[in-house]
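Examination of the molecular architecture
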Amino acid sequence: MNRENAREKIIFALDVNGLDEVEKWSDLIAAKVGMFKIGKQLFTSCGPEAVKSVQKHGGEVFLDLKYHDIPNTVAMATLQAARMGVKLANLHALGGYEMMAMTMEALDKEFKGAQRTRVLAVTILTSSTEETLRGVGIEYPVQDMVVRLAKLAKSAGVDGVVASPHEVGLIRQACGPDFLIVTPGVRPVFSSTDDQKRIMTPGEAVRQGADYLVIGRPISAAGDPAKTADMIVDEIMAVQ
Ligand code: C5P
């Protein structure tokens, strides 16, 4: 894999609160990673300004707001995300087929085959266990639910999923080569595991079939974040 393709696979988790920090990180590593993930924490404190700030520095955005609501609300919210020009956005597959299908139809109607935001479904959060599922009345094993929801998302026209690195192989097999798979819980060989438990190295995750890797603290907590991002690119480039 060439350097540019490897760099594009890295999504830096911008888990910060203020625009000054957004500026700092965009400046420092926009040229070193493929995308910046803006989640509920940053979006709740700064709103669309955070997206604009990353874009102003030439960075692409994954807007990680995990929509889950009635179909029309999710469709309209996702459309607004797409109008901001984010590269990726997401919703919960547990919202159901109609919610996902209406969202994808709204995007297709507006963008008519032109390049648009790609939408990912969250299947089962990796913080959920079998016990969590039983508590809400779901009696199936987590892995069965992950595959079932990934297939449902695909059938509704959703572009891909967010998944644990350990589920990448299963999903790739069930949903085919064109379905996007984005995975957090990735730790380079040289870094600390923090609070992540079921981790995988960037090279392994890409070998399993991941298209994008969400990486936060291994880069943000490093002494030299830009150099660390380069080292992760090196690790991905080494994948056969
Ligand atoms: O710092 P770290 O690399 O652990 O950050 C990973 C990012 O991915 C964080 O923003 C975290 O919220 C997110 N994430 C995760 N595990 C999931 C889903 C999202 O770590 N299952």
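Shown above is the structure to which this text applies.
Okay, so let's go over this structure.

Here is what the cut-offs are and how they apply
- Every residue gets a number counted from 1 within its own chain, in the order that chain's sequence is written.
- Since the coordinates come from a predicted model, pLDDT governs what is reported: local features require at least 70, and pairs of side-chain atoms require 80 or more to be given and counted, while whole-chain, interface and lining totals use all residues.
- Values reported for side chains reflect all heavy atoms of the structure, with hydrogen atoms and water molecules removed beforehand.
- As used here, the term nonpolar core means buried Ala, Val, Leu, Ile, Met, Phe, Trp, Tyr and Cys residues forming a set that is joined through side-chain atoms within 4.5 Å.
- Relative accessible area decides the class of each residue, using a 1.4 Å probe on protein chains only: under 20% of the type maximum gives buried, over 50% gives exposed, and in between gives partly exposed.
- By the convention used here, residues are in contact when the closest approach between their heavy atoms is within 4.5 Å.
- When at least one non-hydrogen atom of a residue lies within 4 Å of a molecule or strand, that residue is treated as near it.
- N or O atoms within 3.5 Å of each other form a polar contact, as long as, within protein, one can give a hydrogen and the other can take it, and as long as residues adjacent in sequence are counted only when both atoms are side-chain atoms.
- Using a 1.4 Å probe, the Shrake-Rupley method yields the accessible areas, and only the shown protein chains count as cover for residues.
- Each helix is a run of H or I in the DSSP string that is no shorter than four residues. Each strand is a run of E no shorter than two, and both are numbered from the N terminus.
- Residues were grouped as follows: Ala, Val, Leu, Ile, Met, Phe, Trp, Tyr, Cys and Pro as nonpolar; Asp, Glu, Lys and Arg as charged; and all remaining residues, including Gly, as polar.

With 69 residues, the main nonpolar core has Leu14, Ile38, Met100, Ile171 and Ile219 as its most contacted residues. Leaving out residues up to four positions away in the same chain, Ile219 has contacts with Ile10, Phe12, Ile29, Val33, Pro225, Thr228, Ala229 and Ile232. Among the nonpolar cores identified, the runner-up in size contains twelve residues, and Ala13, Met35, Leu120 and Val122 belong to it.

For the rest of this paragraph, the subject is the site of the ligand. Around the ligand, the neighbouring residues are Ala13, Asp15, Lys37, Thr126, Pro184, Arg187, Gln196, Val214, Ile215, Gly216, Arg217 and Pro218. Take Asp15: an N or O atom from its side chain is 2.8 Å from an oxygen atom of the ligand. For the ligand, whose free accessible area comes to 460 Å², the fraction covered by protein is 78%. Sorting the residues of the shell around the ligand by element identifies strand S8 (212–215) and helix H11 (217–220) as the ones contributing at least two each. Among the residues making up the shell around the ligand, the classes are represented as five nonpolar, three polar and four charged.

Treat this as a map of the structure, not an account of what it does.
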